[in-house]
Structure formats: structure tokens, C-alpha cells
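Below are the chains, spelled out letter by letter.
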Protein chains: 2
Amino acid sequence: MWSTRLILASASPRRVELLRGVGLAFEVMPSGVDETGPRDDPPGFALSAAKLKGSAIAARFTGHHDAAILSADTIVVLDGEIYEKPSDAADAERMLSRLSGRTHEVLTAFCFVKPPGTVVHEDVVRTEVTFKKLTPREIRGYVKTGEPMDKAGAYAAQGIGMCLIESVNGSYSNVVGLPVCEVVAAIEKLQIARLFPGERETTP
Amino acid sequence: MWSTRLILASASPRRVELLRGVGLAFEVMPSGVDETGPRDDPPGFALSAAKLKGSAIAARFTGHHDAAILSADTIVVLDGEIYEKPSDAADAERMLSRLSGRTHEVLTAFCFVKPPGTVVHEDVVRTEVTFKKLTPREIRGYVKTGEPMDKAGAYAAQGIGMCLIESVNGSYSNVVGLPVCEVVAAIEKLQIARLFPGERETTP
């Protein structure tokens, strides 16, 4: 084993960067599939979106038993309401006004799908994020940078968005878009790849 | 006002990247000064190191009333013991064995010094970091990547180090080396610079 092709089914440059940062080899293949599912169940919504993305790519690999597809979906949840990517600048301002001065949850659902479409691992990781109190000036200024437009909840946990975040409780990479610690543990458990492949098991 | 030269007194590429990420203009001038101070007082230790670095650079700017020096020092603290950069690979393995499976504190002290040497702002920000339980194999493999060697506590909160961190409680950027939210708030309070400078104060 340990010779599986890992395919990341995501168009997010943040997910690519996070996974590349830990030194694993993988291919990138965005699914182009949009989010869907029951909005009254946030973890279920994120998980069904992740499975949909992963299954769309897995179907293209039918017959490739050496492939494993990793897909993920990140949402922001406040008062039971799901915040995805803002539709426009006004929507981004509305989201940031709601998040201002409060603690919300970031949920990233991720799964591994084996061709033609078997989900072999799934998980939803939650992180609490507390925003500082934002002034209308800061909200307008931040939206004008363009950074919020392709991010769930209308902010990035890296970049300028760091100035909005007072504290994080849980996995930080989960807020960026992929819970690295949990994803790598699953990759090792599923025998897809291993961190430090050259390192022997024996203790000194 | 709002026309102060901001000088970052640090050789850390992580600090440069964090500050650059929020879009502020600044110059970089490493002090070359080493850490010192009473080791039985971790916040005092970090703060005195930060002040020493900032003062060393401020002295070079005597007469430049438009300059403000930002300096910082990051340490890891577990059971009252201060962990700085490891001295060698064996020291890094020792530190990581101690941090494995436990929660430690990361303290970043930062200050602003005006030439020739007046500290106009100082703060120490604390973040809790919980490590997953590491195997001897993982510790050896991680040390061999070289990533731990120039980092306080022998790990990076970004890169491969993300696989070691189970959770963070507080400011994430503080763990990387500069508490961005607090630093930017101080930069604005001291009227050194402002986020979104083109944005008017008036509400819609």
C-alpha cells in the first residue's frame, strides 16, 4: 500500500497551499460543483456539499483503484444561519456587520471518496472564531479590498482578515479551509500517504 | 500626523509576512540583539527582549522624530519553563517530547519605541496551543525537516508544524510571531498608520 494517488477536489488556493505546506504529494482537480443540501442542518449541509464535490471527481476515475479523492466544504454559522460566499459587496457588508463583536462557528466538512463513488472517511471539524467590534468604516474598507468576495462568511482568516479576528478556539487551518491535523491523520489511517515517509518506526 | 515611518526591528520572515499581509507600509531592520532577562518571569523575559531589540534600532534613528520602531519577542512556556529556539537537533527533540500531548502557552511581547529610545507602547499577548500526542518517529521526522531549528519551542504554527497542533485558543498570528489584531490596533492608536486609509469616517 502507501502508493495511492491523492486528488484534491478543490479550486481553493488556500486548501492547495495548506496541503502543500505539509509536504504531501497530490493532484488538484476542481469539481465545479456548487453547494446544496438542507440549510437547517449546518454540519449536514457542509458534509453533503463535500460528498457531492468528491463524488463528482471520483466518477471520472472509475477503474482507477489507486486513486483517493479529498474534498471539503467550509461554512460559517451564526445563530443557526449558514453564511457561504457573499453574492456581492452589499451581502459581504451585511455578513460582516452580523459577525462584528461576536463569536461564530466555522465548520469544514471533508471526506475521502474512492472511485467510482465510495465515501471511505468523513468528518466535520468545528472552530470558534471571535470577531472584534468592527466600525462601519472598517467593514466598508475591508469589503473594498476584495478579499471577502470568495470566502465563506465574507472574510479570510489570513491576510487583512487577521485584523478582524480577536481569537480562535480550535483548529486554525480549519478556518482557512482545511483542518490539516485531522486530514493528515485520515490520510495516514487510510494508508494513502504518510508524513516523514523515510523515517523508520523503531524508537531510539 | 499619520505620516510616521514604521520600522520593523525583526529578522523573522514570518513577522514580515504577517505585517505585509495586512497591507501596511514599513521598513525592515533586524537588530541582531539576542534575548536576555530573568527566566523566572516569562512575560518579563519576552518584554525585556522586545524592548532591547527596539531600543537598539531606535538609537540608530536619533533625530528622526518621524520614525517608530516595532519590535517583538516570542517564547513558548510550559510548566513555567521558557522554550526559545533550540540549540541543536537533540534540543529540538527534547522540546517536542515535552510539548507532545499537552497544552502550552505562546507569549509574544511587542513594543513601539520612538527615537532615541522612548517606549510608547508595550503589550504581551498569550495564546494556548495544544499538541497532539507525537510518536518518537514523528518527532525525529519533523526535526529532520529542519523547520524547528529557528523557531521558539522548536515548531512552526504554519507549514508542517500544523500537523502537530490539535487546537489553538487565542490569537493565531501571535503563535506565528506577531499578534496582528493587537499590533494594528496599537499602530492606529499611536497614529503611525491606518488600515483602509482612503476610507472616510462618515457612516452611510
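Everything below is about the structure printed above this text.
Note that the structure is a prediction, hence the values are computed from the model and not measured.

**Considerations on the interface of chain B and chain A**
Next up, step 1: Counting from both sides, the interface comprises 33 residues of chain B and, opposite them, 33 residues of chain A.
Next up, step 2: Mapped onto the side of chain B that touches chain A, the elements with two or more residues apiece are α4 (136–144), β7 (165–170), α5 (172–176) and α6 (180–189) of chain B.
Next up, step 3: Within the side of chain B that touches chain A, the residues separate by chemical class into 15 nonpolar, eleven polar and seven charged.
Next up, step 4: Where strand β7 (residues 165–170) of chain A meets β7(B), three bridges bridge the pair, whose relative direction is antiparallel. Of the residues in β7(B), the one forming a bridge with Val168(A) is Gly170(B).

**Considerations on the relation of the copies chain B and chain A**
Mapping one chain copy onto the other needs a rotation about an axis and a shift along that axis.
Next up, step 1: Taken as rigid bodies, chain B and chain A are interconverted by a rotation of 180° and an axial shift of 0.0 Å, the fit giving an RMSD of 0.0 Å. Viewed as a symmetry operation, the transformation between the two copies matches a two-fold axis. Of the C-alpha atoms belonging to chain B, the one lying closest to the rotation axis is found on Asn169(B), 2.2 Å away.
Next up, step 2: Taken as a fraction of all interface residues of chain B, those also at the interface in chain A reach 100%, which identifies the copy contact as same-surface.

**Considering the environment of Asp41(A)**
All names here are of chain A.
Next up, step 1: Take aspartate 41: it is sitting in the loop between β2 (27–28) and α2 (42–60).
Next up, step 2: Owing to 13 C-beta atoms within 10 Å, aspartate 41 belongs among the partly exposed residues under this scheme.
Next up, step 3: Taking C-alpha positions, aspartate 41 is 31 Å from isoleucine 192, a pair spaced 151 residues apart along the chain.

Calculation criteria
- Residues numbered from 1 in each chain as written.
- Chains lettered and ligands numbered in written order.
- Predicted model: local features only at pLDDT ≥ 70, side-chain atom pairs only at ≥ 80, totals over all residues.
- Contact = placed C-beta atoms within 7 Å.
- Helix = DSSP H or I, 4+ residues; strand = E, 2+ residues; numbered from the N terminus.
- Nonpolar A, V, L, I, M, F, W, Y, C, P; charged D, E, K, R; others polar.
- Pairing = 2+ DSSP bridges.
- Least-squares fit on C-alpha atoms with pLDDT ≥ 70 in both.
- Buried ≥ 20, exposed ≤ 12 C-beta atoms within 10 Å, placed from the backbone.

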